[in-house]
Amino acid sequence: MGKSIMIVGVGGQGTLLASRILGNAIISAGYDVKVSEVHGMSQRGGSVVTYVKYADKVYSPIIDQGEADVVLAFELLEAYRALPYLKKGGKVIVNTQAMDPMPVIIGAMKYPENIAEKMGKMVDLTAVDALSLAKEAGNIKAVNVVLIGFMAKATDIAYDTWIETIKTTVPAKFLEVNLKAFDLGYNYTA
Amino acid sequence: MKKLLLGNAAIAQGAYEAGVRVVSSYPGTPSTEITENIVKYDEIYVEWAPNEKVAAEVAIGAAIAGARSMSCMKHVGLNVMADPVFTASYTGVNGGLLFCVADDPGMHSSQNEQDSRHYAKASKIIMLEPSDSGECKEFTKIAYQLSEEFDTPAFLRLTTRVAHSQSLVEIEERANDELKPYEKNPAKYVMMPGNAIKRHVVVEERMKKLAAFAETTNLNTIEDNGAKIGVISAGDCYVYAKEALGTKVNFLKLGLVFPLPVKTIQDFAQGLDKVYVLEELDPFIEEHCRSIGVEVIGKEAFTLLGEYSPNMIKKAILNEDVEIAAKADEPLPVRPPVMCPGCPHRGSFYVLKKLGLTVSGDIGCYTLGAAAPLNALDTTICMGASIGGALGMSKARGEEFTKNLISVIGDSTFMHSGITGLVDMVYNKGTNTVMILDNSITGMTGHQDNPTTGKTIRGEATKQVDLELLCKAVGVEHVRIVDPFQVDELEKAIKEEVNRPEPSVIISQRPCALLKTVKYTGHAVITDKCRKCRKCMQIGCPALSSDENGIHVDLNQCNGCGLCVNVCPFGAIVKEG
């Protein structure tokens, strides 16, 4: 058993914390794991990609095209961009937020229309309004943990392992919000 | 106990376990987190130096004084520190000395793709290359043993994927960190010709011993799967190859990439039908193999450009194609990094673009000023180049050109290597204007303190370099401080200074919006005074968007910095909340 999970989003959306929670939960479950992230530009609103791979033994830290079991996308356009990385039969989980990139802001290109519908026709896709759920949890920044919560169900890692991991990974003052966000994601049904 | 650690954090753990006592570095992606993680260990003295050359000198001095020491940098930082490094190869060490250099194949966050392995060969210094976090820690410790055993500095070479991947690392205790005795020994440490001539002999003798060591070390390993194809590889390329090829080939994994073994490679290749060399960037291992008479397939089947990947290796060696699930069937807008909402640089570049100046740029967040819609920069070469570069332009094209020319450089970059450019400008009668974009932090690499912030890497208060006094001290008589969000005032200041036939400095001062001390409140609101002139769209703020109905503010992104309010010619944007 093992999985390759690709987390994509926009710099500033909290993908790094999401990958950290995921990585730590996987270790608690006893797997070998590699988490790969690119820093440096990550806070500056660019595309951000993180790879999380677990199995009995993991070699490459990167996920190549056609390899991801799950693409966990924090933003619609970034999900669309990541499609070639999905394995045949893989699953896309996408937050319904849309954020204009600079070429769209300056009017040089259009933001593609109806991305979720188009992707839904091509692959196994679940769209989650994580921003609303994060608001419900008490902080819009908890979008990342809502999405981790929803994805957690697609793994073979126990609920309690996730909760313990969040307790040890997230700063104490944000713990309550994040536990609530995780549960809202975990219990969400499309 | 095992922990999930970033490659860079694992190196810091390795340094701790190896008993390292002194670390000095300058930040640079993807190496920065090594030094940031050293801060966790109270036993180690750690600092941000003003640049890599000074950092290397501090580490060399500490090693001569008997401490295990370290300096970490990105590949281009190694260019800056090359001078002391080449001579430290001659002096050798007392306490172990390690330089950790992180290359960036694919240029995730760099201005070039140079291959640092050439430096190991040129400076005659051993180089180890780990392939995951576990090896990052182990190789760091081994490097210190080798440094002391062979009396040489050592390199640890990383690539972005190794530096920035997390994998499991065994956590162990710190070793004995006692200082070695210091004794005055000018024949070894004073590198004037009479001594250096003798030390060069020692270096060449050391190379012979290291060549013999390269044949026997456990850093290089062979995995014989009884195959007819062999793969020689190191670092991240090894793990890609292992993932792509499993047990279908035999592997020679090189943990020591300089010096490379001879007999080990010749023996490995014996009896194989084909031997591939898998290495990103230059054909460093490949050319070595050819030079020792081993026929290999290298760059002709792969590439000199960017990163390798498991799929690329599968295609080249097994001729296997990848099946993908789906792909967007329309062109997708790219999402390049942008200046953050509230970024102080946005005001500076808005004005520079408006004035249509030739802008000699530098390395930092503000390099993003080259991107649309600001499109402000004309050149970016390396850390500090903006000032000397502009002086060169002026000397080439004369006074009139200089009136439309300005250099932009950040506070940390100015301390790194801008100050010497400014001295050159004043000394050689340049009349240029330099704009120091002082955002009170080293921004691009993720907020490191520097000599202008008044704090050390551990957050302790220290002397703060006064940029205004510093510029005046080197002979610039016209130095003024302006807030980049007061765009009218900034425009006036720039016009005056570029037209002045004397050297001048404008310090464009406002702290980075991501600093915890910066508290913007509220958000922008577009009122019905808006005439849809779209002037506010020219600042390239990610919180603003425009369509046929007018301008919109994304409240999730807007932090209420107020720049758009200052830019609007009709007073149509106001701040609320």
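Bear in mind the structure is a predicted one, so any value in this text is a computation, not a measurement.

Asker: Even after reading the chapter, I still don't get the domain arrangement of chain B, so can you show me in this structure?
Answerer: When the parts come together, some accessible area is lost, and that loss is often what is quoted as the size of the interface. All names here are of chain B. Assigned domains of chain B: these are domain 1 (2–216), domain 2 (221–318), domain 3 (344–509) and domain 4 (523–576). Measuring from the centre of the C-alpha atoms in domain 3 to the corresponding centre in domain 4 gives 28 Å. Around 890 Å² of area is buried between domain 3 and domain 4 when both sides are counted, 64% of it from carbon and sulfur atoms. Where domain 3 packs against domain 4, one counts zero salt bridges. Linking domain 3 to domain 4 there are three residue pairs in polar contact (both at pLDDT 80 or more). Looking at side-chain class alone, the side of domain 3 that touches domain 4 contains five nonpolar, two polar and two charged residues.

Asker: So what exactly am I meant to see when it comes to helix H9 (residues 193–216) of chain B here?
Answerer: Owing to its 3.6 residues per turn, the α-helix aligns residues three or four sequence positions apart on the same side. Between its first and last C-alpha atoms H9(B) spans 35 Å; for 24 residues at 1.5 Å apiece the expected length is 34 Å, and the two agree. Those residues of H9(B) that are buried lie in contact with helix H4 (75–91), strand E6 (126–128), helix H6 (133–149), helix H8 (186–189), strand E12 (256–258) and helix H11 (263–269) of chain B.

Asker: Which parts of the structure should I look at to understand the pairing of strand E10 (residues 229–233) of chain B?
Answerer: Residue and element names in this part refer to chain B. Among the five residues in E10, four count as buried, and that is most of the element. When E10 meets strand E13 (residues 274–278), the two strands line up parallel, connected through five bridges. Counterpart to Gly230 in the pairing with E13 is Val275. Note on the crossover from E10 through helix H10 (residues 235–245) to strand E11 (residues 250–253): the handedness is right-handed.

Asker: Looking at this structure, how should I read the environment of Arg290(B)?
Answerer: All names here are of chain B. As for its placement among the helices and strands, Arg290 is situated in helix H12 (residues 284–291). Among the residues examined, Arg290 registers a relative accessible area of 40% and is labelled partly exposed. When sequence neighbours within four positions are dropped, the list of residues in contact with Arg290 reads Val296, Gly298 and Glu300. At 2.9 Å, the side chain of Arg290 forms a polar contact with the backbone oxygen of Val296.

What counts, and where the lines are drawn
- Residues numbered from 1 in each chain as written.
- Chains lettered and ligands numbered in written order.
- Predicted model: local features only at pLDDT ≥ 70, side-chain atom pairs only at ≥ 80, totals over all residues.
- Heavy atoms only, no water.
- Domains from an automatic or database assignment.
- Buried area = accessible area lost by both parts, 1.4 Å probe.
- Salt bridge = Lys/Arg side-chain N within 4 Å of Asp/Glu carboxyl O.
- Polar contact = N/O pair within 3.5 Å; in protein donor to acceptor, adjacent residues only side chain to side chain.
- Nonpolar A, V, L, I, M, F, W, Y, C, P; charged D, E, K, R; others polar.
- Helix = DSSP H or I, 4+ residues; strand = E, 2+ residues; numbered from the N terminus.
- Expected span 1.5 Å × (residues − 1).
- Contact = heavy atoms within 4.5 Å.
- Buried < 20%, exposed > 50% of the residue type's maximum accessible area, 1.4 Å probe, protein only.
- Pairing = 2+ DSSP bridges.
- Right-handed = clockwise from strand over helix to strand, strands pointing away.

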